[in-house]
Amino acid sequence: MNQTDLKAFNLIGLSKYPNLHSTLICIFLCIYLMALVGNVLITIIISSDPRLHTPMYFFLINLSILDICCTTAAIPKMLDILIMNRMAISYSGCITQLYLFTAALSTELILLTVMAYDRYVAICFPLRYTVIMNRMTCLCLAGFAWVLGFLNSLTHTSLILRLSFCVENTMDHFFCEIPPVLKLASSNTLVNDVVIVIADVILGMVCFLLTAISYTYIISTIMKIRSAEKKKKAFSTCASHMTVVTIFYGGVIYTYIRPAFSDKMEADKVVSAMYAIIAPVLNPVIYSLRNKEVINAIKKIFGKQAIPQQT
């Protein structure tokens, strides 16, 4: 059966837990609303406060938009499966979901590296920060992340469109993602697997390595700070950022490289949930809502007294 004959895929990733459907509906709905409201709020706050019109917050707006895209690509269909008990997703709908999710995921991997570089310049070269991270540089870095991310997704999607699929079209996953879709292909997926590994090495391992190098220099600079309070604050911020980065990169590398060498897919559903569902909820909290500048902007909007900035 080829792609023109295939009408739909059946997503059964959540059907194994019929007794938990009501609980899962509440959990996924709350997570989606939290991610949506949190990221929209961050975008509005940063856009409306001139004091937050800096490179770091410009990249945070991009991150929030990508987080909204990730959760919107995956969770609404999951809720549809649980609420309406409609496990089928059309072939075109599956390909669209796969493309949008992969594009947002790929772009976010690159953007996290860009954000780490921004913090590296800010902490290690504070006097040259505004010169290095000027408006044009920020636009180019963000544009590079978006273009490369969507081109990566287009490449994977185009290769999948060339495949033929089995009559058995049941997918043990809760949304259309590259690895489980490839498992249903009846034609040879060697080219797809090779491209996945190459893309994951570049967008996953290399980006993570660059991010880790940036934070290594950042931590080295922080160690030279004499103030114990400022040093503790800086370490706390870096630890929070690295936690999200590790969860995100680790999950993507595990999910996209391992299937090329293994047929065990069960754990992928849990790992996918970490970067597709959990990370978009954590990002607004860790990157913004714990930041006193953002909190001050929120209080300004609601007419409350601002928190004094630490110098």
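Calculation criteria
Residues numbered from 1 in each chain as written. Predicted model: local features only at pLDDT ≥ 70, side-chain atom pairs only at ≥ 80, totals over all residues. Heavy atoms only, no water. Helix = DSSP H or I, 4+ residues; strand = E, 2+ residues; numbered from the N terminus. Buried < 20%, exposed > 50% of the residue type's maximum accessible area, 1.4 Å probe, protein only. Contact = heavy atoms within 4.5 Å. Areas by Shrake-Rupley, 256 points an atom, 1.4 Å probe, with all protein chains shown as cover. Polar contact = N/O pair within 3.5 Å; in protein donor to acceptor, adjacent residues only side chain to side chain. Phe/Tyr/Trp six-rings, centres within 6.5 Å; stacked < 30°, edge-to-face > 60°. Lys NZ or Arg CZ within 6 Å of the ring centre and 35° of its normal.

**Q** Looking at this structure, I do not really get the overall build of the protein chain. What am I missing?
**A** Across its full length, the protein chain carries 10 helices and three strands. Element order for the protein chain, N to C, with α for helix and β for strand: β-α-α-β-α-α-α-β-α-α-α-α-α. A total of 311 residues make up the protein chain; the buried ones form 48% of that total. Of the contacts made within the protein chain by residues no fewer than 6 positions apart, 77% connect residues no fewer than 24 positions apart. Working note: accessible area of the protein chain is about 15200 Å², and carbon and sulfur atoms make up 69% of it.

**Q** How should I be thinking about the environment of Ser153 in this particular structure?
**A** Within the secondary structure, Ser153 sits in helix α5 (residues 135-161). The class of Ser153 is buried, set by a relative accessible area of 0%. Along the sequence, Ser153 and Ser106 sit 47 residues apart, while their C-alpha atoms lie 7.3 Å from each other. When residues no more than four places from it in sequence are discounted, the contact partners of Ser153 are Leu98, Tyr99, Thr102 and Ala103.

**Q** Is there a simple way to explain the side chain of Thr102 in this structure?
**A** With respect to the helices, strands and loops of the structure, Thr102 is situated in helix α3 (residues 91-124). The class of Thr102 is buried, set by a relative accessible area of 4%. Side-chain polar atoms of Thr102 contact the backbone oxygen of Leu98, separated by 2.7 Å. In contact with Thr102, other than residues within four places in its own chain, are Asn152, Ser153, His156 and Ile178.

**Q** Just checking my understanding: could you explain the side chain of His156 for this structure?
**A** Inspection of the secondary structure puts His156 in helix α5. Given a relative accessible area of 6%, His156 falls into the buried group. Ignoring any residue separated from it by four or fewer positions in sequence, one finds His156 in contact with Thr102, Ile178, Val195, Ile196 and Ala199.

**Q** Looking at this structure, I do not really get the packing of aromatic side chains. What am I missing?
**A** The relation between two aromatic rings is expressed through the spacing of the ring centres and the mutual angle of the planes. Counted under the stated rule, the structure contains 11 aromatic pairs. Each ring, one from Phe101 and one from Phe175, has its centre 4.8 Å from the other, and the planes form 65°; the classification is edge-to-face. A residue pair is termed long-range when its members are at least 10 positions apart, and Phe101 in helix α3 and Phe175 in the loop between β3 (170-171) and α6 (178-183) qualify at 74 residues. Under the relative-accessibility criterion, Phe101 is labelled buried at 0%. Ring geometry for Tyr117 against Tyr120: centres 6.2 Å apart, planes inclined by 35°, an arrangement best described as tilted. Separated by three residues within a single helix, Tyr117 and Tyr120 lie in helix α3, roughly one turn from each other. Judged by relative accessible area, which is 18%, Tyr120 ranks as buried. The side chain of Arg128 reaches across the aromatic face of Phe125, ending 5.8 Å from its centre.

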